[in-house]
Amino acid sequence: MNKLTRARISVEALLGQIQSGERGGTCVFLGTVRNDGDVTAIDYSAYDEMAREEIVRLIGEAQARWPAAKIIVQHRLGVVPVGEASVAIVAAAPHRDEAFTVCRHMIEEIKKRLPIWKKEIHADGTSTWVDPSGKQIAGGLRDS
Amino acid sequence: MNKLTRARISVEALLGQIQSGERGGTCVFLGTVRNDGDVTAIDYSAYDEMAREEIVRLIGEAQARWPAAKIIVQHRLGVVPVGEASVAIVAAAPHRDEAFTVCRHMIEEIKKRLPIWKKEIHADGTSTWVDPSGKQIAGGLRDS
Amino acid sequence: MAEITVRFFARYAELTGCQATSVEVPESATISELLERVRETVPGARDLPPRPLAALNLRQVKLDARVSDGDEVALLPPLSGG
Amino acid sequence: MAEITVRFFARYAELTGCQATSVEVPESATISELLERVRETVPGARDLPPRPLAALNLRQVKLDARVSDGDEVALLPPLSGG
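Sequence order as written defines the numbering, with residues in each chain counted from 1. Here chains are named by letter from A upward and ligands by number from 1 upward, in the order in which they appear as written. Totals for whole chains, interfaces and linings use all residues, but because this is a predicted model, local features are given only for residues with pLDDT of at least 70 and pairs of side-chain atoms are given and counted only at 80 or more. Side-chain figures throughout are based on the complete set of non-hydrogen atoms in the structure, without hydrogens or water.

What follows is about the arrangement of the chains. Residue contacts are counted whenever heavy atoms from the two residues lie within 4.5 Å of one another. Ranking the three pairs of chains in contact by contact count places chains A and B at the top. Separated throughout, chain A and chain C approach each other most closely at a C-alpha pair spaced 10 Å apart. Left apart from each other, chain B and chain D have a closest C-alpha approach of 10 Å.

Contact residues are listed per partner, giving 36 residues for chain B and 36 residues for chain A. When two parts are put together, the accessible area they lose, computed with a 1.4 Å probe and summed over both, is reported as buried area. When the buried area of chain B at its contact with chain A is split by residue, Arg 34, Arg 96 and Phe 100 of chain B rank highest and sum to 23% of it. Polar contacts, as used here, are pairs of N or O atoms within 3.5 Å; protein pairs need one atom able to donate a hydrogen and one able to accept it. Residues neighboring in sequence count only if both atoms are side-chain atoms. Applying the counting criterion to the chain B and chain A interface returns 20 residue pairs in polar contact (both at pLDDT 80 or more). Numbering of helices and strands runs from the N terminus; a helix is a DSSP stretch of H or I covering at least four residues, while a strand is a stretch of E covering at least two. At the level of elements, α1 (11-18), β2 (25-32) and α3 (96-113) of chain B are the ones that each hand at least two residues to the side of chain B that touches chain A. Gly falls in the polar group here, along with every residue not listed as nonpolar (Ala, Val, Leu, Ile, Met, Phe, Trp, Tyr, Cys, Pro) or charged (Asp, Glu, Lys, Arg). Each residue belonging to the side of chain B that touches chain A can be placed in one class, and the counts come to 14 nonpolar, twelve polar and ten charged.

Patches were defined on residues exceeding 30% relative accessible area and lacking a salt bridge, with like-charge contacts within 9 Å and nonpolar side-chain contacts (Val, Leu, Ile, Met, Phe, Trp, Tyr) within 5 Å. For accessible areas, the Shrake-Rupley method is used with a probe of radius 1.4 Å. Any residue's cover is judged against the shown protein chains and nothing else. We count a salt bridge whenever a side-chain nitrogen from Lys or Arg sits within 4 Å of a carboxyl oxygen from Asp or Glu. For this count, His and the chain ends are skipped, Lys and Arg are scored as positive, and Asp and Glu as negative. Charged side chains are reduced to one point each, which is NZ for Lys, CZ for Arg, CG for Asp and CD for Glu. On the surface, a cluster of negative charge is made up of Glu 3, Glu 24, Glu 27 and Asp 69 of chain C. In this structure, Glu 3 of chain C sits in strand β1 (residues 2-8).

A few words now on the pairing of strand β3 (residues 53-56) of chain C. All names here are of chain C. Should DSSP find at least two bridges between two strands, the strands are regarded as paired. Alignment of β3 against strand β5 (residues 72-76), held across four bridges, turns out to be antiparallel. Within β5, the position partnered with Leu 56 by the bridge is Val 73. As defined by bridge partners, β3 adjoins strand β4 (residues 59-61) across three bridges and the pair is classed as antiparallel. Its bridge partner lying in β4, Leu 56 is registered against Arg 59. Between β3 and β4, which pair antiparallel in sequence order, lie two residues; one of them, Asn 57, sits at a positive phi of approximately 50 degrees.

It is worth spelling out the interface of chain B and chain C at this point. How big an interface is tends to be stated in terms of accessible area lost as the parts join. Between chain B and chain C, the residue contacts involve 30 residues of the former and 25 residues of the latter. Carbon and sulfur atoms supply 58% of the area that chain B and chain C bury against each other, a total of about 2,400 Å² over both sides. For the interface between chain B and chain C, the tally reads two salt bridges. Between Lys 119 of chain B and Glu 14 of chain C there is a salt bridge, and its shortest N-O distance comes to 2.5 Å. The tally of links between chain B and chain C comes to 13 residue pairs in polar contact (both at pLDDT 80 or more). Looking at the side of chain B that touches chain C, the elements with two or more residues in it are β3 (39-46), α2 (48-65), β6 (85-93), α3, β7 (116-122) and β8 (127-130) of chain B. Take the side of chain B that touches chain C: its biggest share by element is five residues, from α2 of chain B. For the side of chain B that touches chain C, a count of residues per class yields 14 nonpolar, five polar and eleven charged.

What follows concerns the sheet that holds β2 of chain B. A sheet is described by the order of its strands in space; here eight strands give the open sequence β1(A)-β4(A)-β6(A)-β2(A)-β2(B)-β6(B)-β4(B)-β1(B), paired in mixed fashion. Both edges of this open sheet fall to β1 (3-5) of chain A together with β1 (3-5) of chain B, since each of them pairs with a single strand only. Here the average twist between neighbouring strands, direction ignored, is 15 degrees. Here strand β2 (residues 25-32) of chain A pairs with β2 of chain B via seven bridges, running antiparallel. Paired with Thr 26 of chain A across the bridge in β2 of chain B is Leu 30 of chain B. The sheet contacts of helix α2 (residues 48-65) of chain A involve β1 and β4 (70-76) of chain A, and relative to β4 of chain A the element is tilted by about 160 degrees. Comment: axis = line fitted to C-alpha atoms, over the contacting stretch for helices; angle = value between 0 and 180 degrees taken between N-to-C directions. Contacts between α3 of chain B and the sheet are confined to β2 of chain A together with β2, β4 (70-76) and β6 of chain B, with β6 of chain B contributing the most and set at about 145 degrees to the helix.

This brings us to the confidence of the model for chain A. Looking at chain A as a whole, the pLDDT averages 92, with 92% of positions reaching at least 70. Confidence of the prediction at every residue is given by pLDDT, a number between 0 and 100. When the criterion is pLDDT under 50, residues 135-144 of chain A qualifies, and its contacts beyond four places in sequence or with other chains add up to 29 contacts.

Spatially, β2-β1-β5-β3-β4 (chain C) is the arrangement adopted by the five strands of the open sheet, whose pairing is mixed. Unpaired on one side and paired on the other, β2 (20-25) and β4 of chain C mark the two borders of the sheet. Taking each pair of neighbouring strands and ignoring which way they run, the sheet shows an average axis angle of 35 degrees. With respect to the sheet, α2 of chain B is in contact with β1, β3, β4 and β5 of chain C, its orientation differing from that of β4 of chain C by roughly 95 degrees. Across the sheet, helix α2 (residues 31-41) of chain C is in contact with β1, β2, β3, β4 and β5 of chain C; its angle to β2 of chain C comes to roughly 115 degrees.

This part takes up the relation of the copies chain B and chain A. The least-squares superposition of copies is restricted to C-alpha atoms, and to residues with a pLDDT of at least 70 in both copies. For the pair chain B and chain A, the best superposition has an RMSD of 0.0 Å and corresponds to a rotation of 180 degrees with a translation of 0.0 Å parallel to the axis. Taken together, the turn and the small shift mark the pair as related by a two-fold rotation axis. Residue Val 28 of chain B, judged by its C-alpha, is the member of chain B lying nearest the rotation axis, at 2.4 Å. Comparing contact sets, 100% of the residues at the interface of chain B also lie at the interface in chain A, consistent with an isologous, same-surface contact.

This is the structure in structure tokens:
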């Protein structure tokens, strides 16, 4: 259920796996591809084997800290058009405060730790790697 | 789309109304009926006309504060069995920080301001009004 | 005189066995004064708490808010939505 | 000697025109030392940044981590998932 996927993310399916009478609060976060400038889609690629392991580690760490919480993570790979979700986190907990905290924690960690990369696809067919600082770089290297 | 409903809440349908390339972060909160003790369901009742107006006011206030956000609220009425959602908030914003903040703000305000009441239904068929302090009261009056 | 529709919800409706009634009070009476009339005229209303939550025409108000002919006042048990 | 599988991702794979290669370094060499070998032997790798992110056997590590025969080292452009 935690996975990298090339299909559209179904939030309802994820909720079905996690919602229960044990957990009164469920917080979902969806990251959606934005229409920044002339971007029509983002092509996501990953170091698959590591990303899968990292998701398992991230959830393990969160569940050690919040034992009553249940967490699902899905990240899309491949071309995701503007307006569709690229990542979904579902965090359920007995109470809402914990559900919000865990969900927020997970998206921050995912952004920091999953070996996944974005390439913006523009209306004219060109594409640019996205620098995590938010700046785009065409071919050049801004990391040091 | 913002409403009181007697039907099951479809998160996917709510997301369809709000997710867009303008807003990169969407935060959903679902309140789920918990299996506290021998509770099998909660019967929600409301001062309908006021609750509808209050939802409109709450969203108006939030949108004055966070103009880029889009918000949907649905609250179920009638008997909601354990494990099903009684309330759903969807808040989308250009960035995730705002999406989380708005979603959390909305559920806190909803709990404080919507004229809605819970009656717990127990396994033996009896029922008890829920005191918002968390204590149950059978017929007695604990508010002052 | 002002004729006020008074509505009871949830536990308060059970207490009074009534969902809505009509009460007459002097024009510009406060909700507290209206409450006194309600306690006198509606069976079971004596057991309402001394200072319940109240709404006037679909908005929560304090008990010193004043009513006019045709207003709707609702008496609300502690809210427990969500 | 230790034979290390080196993998390149995203922009780094474009830069080297290569997704994976095999590099020999002395047993217990550091990732920094491995990187020097990569720069010497893989065309385009000279343009890698001086201190890229690296993963050893699917875990992110610092550049002073040491490798053993059969290890997989990945060079990762700044992460941008989510």
